[in-house]
Amino acid sequence: MFEEKAGPMANYISWKQEGDGFVVEARKNAVSPYANRLGKYILVYKGDLDGRPDC
């Protein structure tokens, strides 16, 4: 069932059943080459971070 639901992404994901649920992780050796080419993103913000809009 996992391969059917994951489709082509099944090669990049590992999973195991644990208790009543599943533990799903990205396979580091499969994902690392792609992640290394994505670059970095830095968000800089100055202001209040309480989550409320300034309306």
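Placed above this text is the structure.
Residues numbered from 1 in each chain as written. Predicted model: local features only at pLDDT ≥ 70, side-chain atom pairs only at ≥ 80, totals over all residues. Heavy atoms only, no water.

Draft legend 1. Fine view of the layout of surface pockets. Taken as a whole, the largest pocket holds about 150 Å³ of empty space. Around the largest pocket, the lining residues are Met1, Phe2, Lys5, Ala6, Trp15, Phe22 and Val24. Mapped onto the lining of the largest pocket, the elements with two or more residues apiece are helix 1 (2-6) and strand 2 (21-26). If you tally residues by element for the lining of the largest pocket, the top one is helix 1, at three residues. (1 Å grid on protein atoms, 1.4 Å probe; cavity = no way out; pocket = protein on both sides within 12 Å on 5 of 7 lines; lining within 4 Å. Points joined across faces, edges and corners; volume = space filled by probe spheres on them. Helix = DSSP H or I, 4+ residues; strand = E, 2+ residues; numbered from the N terminus.)

Draft legend 2. Fine view of a nonpolar patch on the surface. There is a patch of nonpolar side chains on the surface, built from Trp15, Phe22 and Val24 and spanning about 330 Å² of accessible area. With respect to the secondary-structure elements, Trp15 resides in strand 1 (residues 13-18). (Patch = residues over 30% accessible without salt bridge, like charges linked within 9 Å, V, L, I, M, F, W, Y side chains within 5 Å. Areas by Shrake-Rupley, 256 points an atom, 1.4 Å probe, with all protein chains shown as cover. Salt bridge = Lys/Arg side-chain N within 4 Å of Asp/Glu carboxyl O.)

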